[in-house]
Amino acid sequence: MKVRVRFAPSPTGFLHIGGARTALFNWLFARNKGGALILRVEDTDVARAASGAVEKILEDLKWLGITWDEGAYFQTERLSLYRHYAELLLKNGKAYFCYCSPEELDVRRKEALTKGNPPGYDGRCHQLSTGEAEKLKKARGKRVIRFKIPHTGATEFTDLVRGKIRFNHSVLEDFVIMKSDGIPTFIFANVVDDENMEITHVIRGDEHLSNTPRQLLLYQALGWQPPFFAHLSMILGTDGKKLSKRTGAVSLSWYRKEGYLPEALVNYLVLLGWAPEGNQELFSSTKEIIKKFSLKRISCNPAIYDTKKLDWINGNYIKRSNCKKITMLIKPYLEAANLLQGDEDEGWLEQVIELEKGRIKRLSQIVEYGDFFFLPEISYEKDIANSVLLRKETKELLGAYRAALSELEDFTKEEAEKRARKVIKDAGVKGGDLIHPVRFALTGRTVGPGLFEIIALLGKKKTLHRLDNAIKIAKGC
RNA sequence: GUCCCCAUCGUCCAGCCUGGCUCAGGACUCCAGAUUUUCGAUCUGGCAACAGGGGUUCAAAUCCCCUUGGGGACACCA
């Protein structure tokens, strides 16, 4: 039997890390098994629907590299299907109309909760005689359809990641399958669609685990064979609570903006709850992950979301990506920071990126780490300038090196180093005594790539100009 | 309140199913050392955990029970 899985987001907001991981695991499983991924938009909550959410979700999935084979299907376009099966259940006595208003239910729920009773529906409308039902129908107009839970027995199933799970029917209440506006609830639409789309494995978040017995009962009532279930434990925020919009950086688009590579995010996400055999953490490609992925090695404990490791993974991916690709991806960040004049030589830009790409963890960091390559003029922070530039011999050393560089025809890394070594030797000082001040003079900071590479890329004019500025400061005190 | 799930370093995972090879392994972070052309780069090293209690067994991180803690569900949300 061909594997068919689905990702079923509801368009109430952006795709967050948890949803992305669910989508990823489904996709990985499908690709590993040579199966199909179906995308289904569960838009039955009309009230909470956010405009533009679907487009954003699809865009984020594509960016991550998750491709689907069918869909996107929309549940609101399939209403007649759900109505058909709801009527069938009604006809077979497996479901019934309920006339209780939301307000009444709310009052009863709160009352039950304060008394310490289960807050679920008490099943009163099931008792209604035909006469009473008619009367209520006329008086209220609005009604929902509820599924009738069998009084006795239990539902047991084997979850693919957790093993055997059992729920007594006594803890289940008759739940709504069709709302008063004729739109199905998630729990029902989900079952009807999974059956109709021939889904073989339902891989979803842990929060749906307790919905499973209800859905299994629906499968039974409709005479359908249920799919396999695999419930992924949740991703929690650093506070140990469910991820929310307030938890911090959880929207996928934030990661895109910050300059995380999609392959790196995939690598990180898959490690949140899954591990290959052995102790590999970095993968050569998403293809490799697909090949190794299996539901068997998914862990059942919830993960706390912490991005330190993501930064490390992303840094690795940036480092090993080729320079042309990273340059292309980095350009927008430079443009946004107004660092590009537009007349930069492409080859020169690539060399700059080559130098920086081993040290940045996020593409956006190019601005704070490498702005001095692009700025016409750099400024020096006073405290650092005081400590780096104001040593006795620094002024002479800078002057001597400046003079040596000004004579250069070939402004190359090798030549720049040769001259520096000579100045160092002649003055009888340590390498760092010249190199640190020069680095600071040219970049405005005390850390960065190799100095002579910087000099060569900066070019003669800028290098001499910045040295002059630094010498002025050194003299000034 | 009731039901369900979960419980190994600060964090992510391995080991658990099929007890002994484990005074528990890897990675991130952090710390130290090295490189002396810096470090946010690199290399080397270090700190650091089986939630608690009871069983079962010659032997338990591994199996069972209880307690505690965390999470989820119990909506005309998904």
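A few points on the structure. (Residues numbered from 1 in each chain as written. Chains lettered and ligands numbered in written order. Predicted model: local features only at pLDDT ≥ 70, side-chain atom pairs only at ≥ 80, totals over all residues. Heavy atoms only, no water.)

Re the protein's contact with RNA strand B
Part 1 of the reasoning: Around RNA strand B, the structure places 74 residues, and the nearest of them are Asp45, Arg162, Arg359, Val447 and Phe452.
Part 2 of the reasoning: Each atom of RNA strand B within 4 Å of the protein was classed as base or backbone; sugar and phosphate made up 67%.
Part 3 of the reasoning: Measuring from a sugar or linking oxygen of RNA strand B, one finds a side-chain N or O atom of Glu42 at 3.4 Å.
Part 4 of the reasoning: Ranked by the residues each element gives to the surface near RNA strand B, the list is headed by helix α18 (residues 431-443), at 5 residues.
Part 5 of the reasoning: Of the residues contributing to the surface near RNA strand B, the split by class is 28 nonpolar, 22 polar and 24 charged. (Near = heavy atom within 4 Å. Polar contact = N/O pair within 3.5 Å; in protein donor to acceptor, adjacent residues only side chain to side chain. Helix = DSSP H or I, 4+ residues; strand = E, 2+ residues; numbered from the N terminus. Nonpolar A, V, L, I, M, F, W, Y, C, P; charged D, E, K, R; others polar.)

Considerations on the environment of Ala86
Part 1 of the reasoning: Residue placement: Ala86 occurs in helix α3 (residues 79-91).
Part 2 of the reasoning: Judged by its relative accessible area of 1%, Ala86 is buried.
Part 3 of the reasoning: For the pair formed by Ala86 and Glu344, sequence separation is 258 residues and the distance between their alpha carbons is 66 Å.
Part 4 of the reasoning: Ala86 has contacts with Ile145, Ile177, Met178 and Phe188, leaving out every residue within four places of it along the chain. (Buried < 20%, exposed > 50% of the residue type's maximum accessible area, 1.4 Å probe, protein only. Contact = heavy atoms within 4.5 Å.)

Comments concerning the pairing of strand β10 (residues 228-232)
Part 1 of the reasoning: Of all the 5 residues making up β10, 4 are buried; the element is thus mostly covered by neighbouring parts of the structure.
Part 2 of the reasoning: As defined by bridge partners, strand β9 (residues 201-205) adjoins β10 across 5 bridges and the pair is classed as parallel. For Ile203, the partnering residue across the bridge sits in β10 and is Ala230.
Part 3 of the reasoning: Regarding the hand of the β-α-β motif, the stretch spanning β9, helix α7 (residues 212-222) and β10 is right-handed. (Pairing = 2+ DSSP bridges. Right-handed = clockwise from strand over helix to strand, strands pointing away.)

Concerning helix α1 (residues 17-33)
Part 1 of the reasoning: Compared with an ideal rise of 1.5 Å per residue, which puts 17 residues at 24 Å, α1 spans 24 Å between its outermost C-alpha atoms and is within 8% of the ideal.
Part 2 of the reasoning: Of all 17 residues in α1, 14 are buried, a share of seventy percent or more.
Part 3 of the reasoning: Looking one or two residues beyond α1, the residue adopting positive phi is Gly34, at roughly 65°. (Expected span 1.5 Å × (residues − 1).)

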